[in-house]
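Breakdown of the fold
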Amino acid sequence: MRERFLRQIILKGVGEGGQEKLFSSKVLVVGAGATGCAQAEVLARMGVGEIRIVDPDTVEESNLHRQFCYSDEDLGAFKVERALKRLEKIHPHIKVLGALGRIEEVWRDVAPGVDIILDGTDCMSAREFINEVSVHLSIPWIFTGVAGSFGQSVLLSPDGPCLRCFMEESITPLTCDTEGVYPTAAVALSMVAAHTAVKYLLGRGKEELGVMKVLDMEHWTLSRVKINPWRECSLHAKRRFRRISSFKGDDINIEGG
Ligand SMILES: [Zn+2]
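Procedures and definitions
Residues numbered from 1 in each chain as written. Predicted model: local features only at pLDDT ≥ 70, side-chain atom pairs only at ≥ 80, totals over all residues. Helix = DSSP H or I, 4+ residues; strand = E, 2+ residues; numbered from the N terminus. Rg over C-alpha atoms; globule rule 2.2 N^0.38 Å. Buried ≥ 20, exposed ≤ 12 C-beta atoms within 10 Å, placed from the backbone. Contact = placed C-beta atoms within 7 Å. Pairing = 2+ DSSP bridges. Core = buried A, V, L, I, M, F, W, Y, C linked by C-beta atoms within 7 Å. Axes fitted to C-alpha atoms, helices over the stretch in contact; angles between N-to-C directions. Arc of directions from axis to C-beta.

1. A short note on the overall build of the protein
Each helix and strand in the protein was counted, giving nine helices and eight strands. Its C-alpha atoms give the protein a radius of gyration of 18 Å, within 12% of the compact-globule value 18 Å for 257 residues. Along the first, second and third principal axes, the C-alpha atoms of the protein reach 50 × 45 × 40 Å. Residue burial in the protein is summarised as follows: out of 257 residues, 42% are buried. Nonlocal contacts in the protein, meaning residues at least 24 apart in sequence, comprise 67% of its contacts between residues at least 6 apart.

Now the structure itself:
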């Protein structure tokens, strides 16, 4: 096993101790599309010990130009099922778990116990939901959005900044569906997110918290924007959950309103 990670263990920022941390880490990837697949795959290759992945969809032909987990033979199959098979092949010694469904339906089964949640969705309502789960369960998460040749990624904390601190709920950002997307941009932003996750898992999350990386591959600019917690934030500061209370059978204690 050690041989597999030699080039990683000799990194100053990793070492034997860091590799052990990755082995004992658990992550949840929400969405098995372009960004979810790429994030899950590189984290599996790096030896993250447990990877959980959630997705409700089947593989469509229009996915194949950018979703590296799938090929023609996967058309019509559930993404979660095929993504798990691929991750198992990539690294048979890690634990991979999948849940078929939307995060809103399966979060209670998959979110508790993970160290970090990664956003592989292309959907603001799912991200708002992940944000509430993050605050409710005290799990940090990484927001990642890509459209065209442009995207951004940022580590968010249940203690702030959270998504609500800097993004209005009514906002409708550009998506792959409306703008199209370069597979190159989707993978590049996925690597930014996965690298941020690894730094967090290695104990260097503080330097990443609230630092939004903004990449524009058309003009080759990469910038950083620092997001600070908003003291009046209705979610992380006032704990007014709106989404995780709206699903039937929810028995958690919801505060505020
Ligand atoms: Zn907040």
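Okay, back to it.
2. Topic: the pairing of strand β7 (residues 211–216)
Every other side chain in a regular strand lies on the same face of the sheet, so the side chains alternate between the two faces. Here four bridges tie strand β6 (residues 150–156) to β7, and the two strands are oriented antiparallel to one another. By the bridge assignment, Gln152 is partnered in β7 with Val214. Pairing of β7 with strand β8 (residues 221–226) involves six bridges; the strand directions are antiparallel. In the sheet register, Lys213 faces β8, and the bridge partner there is Arg224.

3. Observations regarding the nonpolar core
Counting residues in hydrophobic clusters, the biggest one holds 64 residues, and the most contacted among them are Val27, Ile116 and Ala197. In terms of residue count, helix α9 (residues 183–204) provides more of this core than any other element does, 11 residues in total. Other than its neighbours up to four places away in sequence, Val27 contacts Leu43, Val48, Ile51, Val114, Asp115, Ile116, Leu118 and Ala197.

4. Considering unusual backbone geometry
Cis peptide bonds are those with omega within 30 degrees of zero, and the linkage from Gly160 to Pro161 qualifies with -5 degrees. Tracing the sequence through the fold places Pro161 in the loop between β6 and α7 (163–166). A positive phi is found at Ser138, a non-glycine position, where the angle reads about 55 degrees. Tracing the backbone through its elements, the reader meets Ser138 in the loop between α6 (124–137) and β5 (141–147). According to the C-beta neighbour criterion, Ser138 is exposed, with 9 such atoms within 10 Å. For Trp220, which is not a glycine, the phi torsion comes out positive at approximately 55 degrees. Considering the arrangement of structural elements, one finds Trp220 in the loop between β7 and β8. Since 8 C-beta atoms lie within 10 Å of it, Trp220 is described here as exposed.

5. Some thoughts on the pairing of β6
For β6, a buried count of six out of seven residues is recorded, marking the element as mostly surrounded by other parts of the structure. Hairpin connection, β5 to β6: the antiparallel pair is bridged by two residues, and Gly148 has positive phi, about 60 degrees.

6. Some words on the environment of Phe68
Position of Phe68 relative to the elements: it lies in the loop between β2 (50–55) and α4 (79–90). The class for Phe68 is partly exposed, based on 16 C-beta atoms found within 10 Å. Expressed as a C-alpha distance, the spacing of Phe68 and Val187, which sit 119 residues apart in the sequence, is 9.1 Å. Setting aside its immediate chain neighbours within four residues, Phe68 contacts Cys37, Ala38 and Glu41.

7. A word on the sheet that holds β5
Taken in spatial order, the eight strands make up an open sheet running β3-β2-β1-β4-β5-β6-β7-β8, and their pairing is mixed. Of all the strands in the sheet, the pair left with one neighbour each is β3 (95–100) and β8. Averaged over all neighbouring strand pairs, the angle between strand axes comes to 15 degrees, with direction disregarded. Here strand β1 (residues 26–30) pairs with β2 via five bridges, running parallel. Within β2, the residue paired with Val27 across the bridge is Ile51.

8. Re the environment of Ile51
Note on placement: Ile51 falls in strand β2. Separated by 188 residues in the primary sequence, Ile51 and Arg239 place their C-alpha atoms 28 Å from one another. Leaving out residues up to four positions away in the same chain, Ile51 has contacts with Val27, Val29, Ala40, Leu43, Ala44, Leu87, Ile94 and Val96.

9. Some words on helix α2 (residues 15–23)
For α2, the set of buried residues is Gly18, Gln19 and Leu22. Buried positions in α2, seen along its axis, are confined to an arc of 100 degrees and lie on one side of it. Facing away from the buried surface of α2 by more than 90 degrees, the exposed residues are Glu16 and Gly17. Check the buried side of α2 and you find it contacts α1 (6–9) and α9.

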